[in-house]
2 protein chains.
Amino acid sequence: MSEDPSFGPPVGGAAPMVIVNGEAGGTLPTSDRGLYYGDGLFETVAVHNGRPEFWDRHMARLREGCTRLGLPCVDVDALARETEVLCKRAGVRKGVARGVLKIIISRGSGGRGYRTPETVHPTRMVSLHPWPEIPEGNLAGGVRVRLCDLRLGHQPALAGIKHLNRLESVLARREWDDPDIAEGLLCDGDGLVVAGTMSNLFLVKGGRLRTPDLSRCGVAGIIRAVVREIAETRGIPFEVADIPVAEARESQELFLTNSVIGIWPVREFDGKAYAVGPVTRELMEDLERRRALETA
Amino acid sequence: MSEDPSFGPPVGGAAPMVIVNGEAGGTLPTSDRGLYYGDGLFETVAVHNGRPEFWDRHMARLREGCTRLGLPCVDVDALARETEVLCKRAGVRKGVARGVLKIIISRGSGGRGYRTPETVHPTRMVSLHPWPEIPEGNLAGGVRVRLCDLRLGHQPALAGIKHLNRLESVLARREWDDPDIAEGLLCDGDGLVVAGTMSNLFLVKGGRLRTPDLSRCGVAGIIRAVVREIAETRGIPFEVADIPVAEARESQELFLTNSVIGIWPVREFDGKAYAVGPVTRELMEDLERRRALETA
């Protein structure tokens, strides 16, 4: 699950780096169904060297989300053009800087109440945000993680896609203030661990890599898919599984993924300490290589 | 559960009848957390004779929602003033016309990703919409209702309040096109009936009035609470219960409630016919009397 760790004002200061339906600095109609009902999708894309990372994968997830919500096919070419414009304007160019791109596609305005309009004019919104300040130690030494009280509800109709109904994550993130705790893990009502508030979870036990099944809740992250591919390439046994939280605790290695952070090893979960293990290191190295290739 | 049956352009034509943070015709910042995450609440209020119906109850639900989401207390006085301004401007005055008021309170902009800002500047949005065209027969003869395939997920942290994460209702409403079917009923994963996509459900069996428990999902409607009070005043046995959908089917009377429609008797549910029974009629008459008193 990728998520924007930073939401100060968009890059660009006085002239906000936002393009709404092709119009720079546009505003959002107050009747947008994205606001009314969370009727839409989003993507958070890391930008480096003036280029978005794993663009095709983000676009594929967005397309799948559109299909699942019954939204018209997203105009990927327009998104690519607008992303380029924002990157150029912000100076996020080759070798210069990094940024975080946020894309929102909503069902636009119209319809009667929840009923969707016969002809949909989606809202397409692209904004560029500063790269967040992430403590160096998060990568090298790992992060501290807690278990959230909130349980994720099951909704197979929405599971996997990155839709705009994110109150569960917002409420879960409100459970702690300690700046030294980087993430909170969430279980579902059955006590199976699903994900972090803004990340996917992996665990390693006996040399096997496992990640929670996301068919009932959670967001299927882009980096999660890349890590899976790396594991397959390297011959690391991998499975998607139902994982009770006790099993996650007993792992030898734990790590988190999202599109901005890449991989964060977990060094402490609910008071238990973990080493940054060999499988995590191997995957981190390969992932950073892949990310660099994406924007070379 | 009240819901806006109408979303054509707001009343007022060229000059939209929307007030955002006290500013008429204001626009919404593209960074609003209401759009990003559905991080907020709404209310749909019937307006008649230039006055909102059950205002104190809507404000009480909004306040409860703010508490549950950790939002600052809503400025009820400002909402009341802005509602009056909109009603006057639209000519929804005593004896003149009816309208539907939509109120949105979001957590505004700011914070880092899902993390909420330390100081919240909520967005307060009020808009006035035309009264929907509702077929006369819906009140007198009742409506046709179907059972939706989508199951509502359990989320006690959000159950009861009217938050902006409404994709379940949007997807459920997309399940049918037949204009003769007025509403779809939703079960949870356990096969218990919860509500309609935009309404609460009541059933009558053996002279007893029952409505689904909403502690795990659903929205606790204003009219639902009023109907409960009427039942208690009239000595009609009433209970909030877990209701398997088969039990709903076997009822003698079924009806739906929301803030705009009031009470709609159900004349057909999934092919089975129902009469508009004596308990429903009694409640309808009392409710209409109460609504009239609200805006007299």
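Residues numbered from 1 in each chain as written. Chains lettered and ligands numbered in written order. Predicted model: local features only at pLDDT ≥ 70, side-chain atom pairs only at ≥ 80, totals over all residues.

A.B. asks: Can you explain the overall build of chain A? Please cite residues and give values.
C.D. replies: When its secondary structure is counted, chain A shows eight helices and 15 strands. Overall size of chain A, expressed as C-alpha extent along the three principal axes, is 50 × 45 × 40 Å. Here chain A holds 296 residues, and the buried ones make up 54% of them. Taking all contacts inside chain A whose residues are at least 6 apart in sequence as the whole, residues at least 24 apart take part in 73%. (Helix = DSSP H or I, 4+ residues; strand = E, 2+ residues; numbered from the N terminus. Buried ≥ 20, exposed ≤ 12 C-beta atoms within 10 Å, placed from the backbone. Contact = placed C-beta atoms within 7 Å.)

A.B. asks: Residues and numbers for the relation of the copies chain B and chain A, please.
C.D. replies: Note on the copies: chain B fits chain A at an RMSD of 0.0 Å, the axial shift is 0.0 Å, and the rotation between them is 180 degrees. In symmetry terms, the pair is related by a two-fold rotation axis. (Least-squares fit on C-alpha atoms with pLDDT ≥ 70 in both.)

A.B. asks: Describe unusual backbone geometry, naming the residues involved and giving the relevant values.
C.D. replies: Residues and elements named next belong to chain B. Not every positive phi belongs to a glycine, and Asn49 is a case in point at roughly 55 degrees. Positionally, Asn49 belongs in the loop between strand 3 (40–48) and strand 4 (51–52). Judged by local crowding, Asn49 falls into the partly exposed class, with 17 C-beta atoms found within 10 Å. With phi around 50 degrees, Asp270 is a residue other than glycine that occupies positive phi space. Mapped onto the elements, Asp270 comes out in the loop between strand 14 (262–269) and strand 15 (272–273).

A.B. asks: Could you give an account of the confidence of the model for chain A, with specific residues and numbers?
C.D. replies: Residues and elements named next belong to chain A. When pLDDT is averaged across chain A, the result is 92; 93% of the residues are at 70 or more. Here residues 1–10 scores under 50 on pLDDT; set against residues more than four positions off or in separate chains, the count is 49 contacts. Scored as a whole, the predicted complex attains pTM 0.94, and scored at its interfaces, ipTM 0.94. (pLDDT = per-residue confidence, 0-100.)

A.B. asks: Run through the interface of chain B and chain A, naming residues and quoting values.
C.D. replies: The interface is formed by 48 residues belonging to chain B together with 48 residues belonging to chain A. Looking at the side of chain B that touches chain A, the elements that each hand over two or more residues are strand 1 (18–20), helix 1 (33–37), strand 6 (123–130) and helix 5 (167–173) of chain B. No other element matches the six residues that helix 5 of chain B contributes to the side of chain B that touches chain A. Each residue belonging to the side of chain B that touches chain A can be placed in one class, and the counts come to 18 nonpolar, 20 polar and 10 charged. (Nonpolar A, V, L, I, M, F, W, Y, C, P; charged D, E, K, R; others polar.)

A.B. asks: Break down the packing of helix 6 (residues 222–234) of chain B against helix 8 (residues 278–294) of chain B for me, citing the residues and quoting the values.
C.D. replies: All names here are of chain B. Where helix 6 meets helix 8, the axes come as close as 10 Å, and the angle between the chain directions of the two elements is 115 degrees. Here helix 6 lies roughly perpendicular to helix 8, going by the angle between them. The two elements helix 6 and helix 8 cross, and the hand of that crossing is right-handed. From helix 6, Val226, Val227, Ile230, Ala231 and Arg234 reach across to helix 8, where they touch Glu282, Leu283, Asp286, Leu287 and Arg290. (Axes fitted to C-alpha atoms, helices over the stretch in contact; angles between N-to-C directions. Parallel < 35°, antiparallel > 145°, perpendicular 65-115°, else oblique. Left-handed = near helix turned anticlockwise from the far one by under 90°.)

A.B. asks: Describe the sheet that holds strand 2 (residues 23–24) of chain B, naming the residues involved and giving the relevant values.
C.D. replies: Residues and elements named next belong to chain B. With antiparallel pairing, six strands are arranged side by side in an open sheet as 2-1-6-5-3-4. Edge positions in the sheet fall to strand 2 and strand 4, since each of these pairs with one other strand and no more. Taken together, the two bridges between strand 1 and strand 2 define a ladder with antiparallel strand orientation. Residue pairing across strands places Ile19 opposite Ala24, the latter belonging to strand 2. Its contacts with the sheet place helix 3 (residues 76–90) against strand 1, strand 3, strand 4, strand 5 (98–106) and strand 6, and it is angled at close to 30 degrees to strand 6. (Pairing = 2+ DSSP bridges.)

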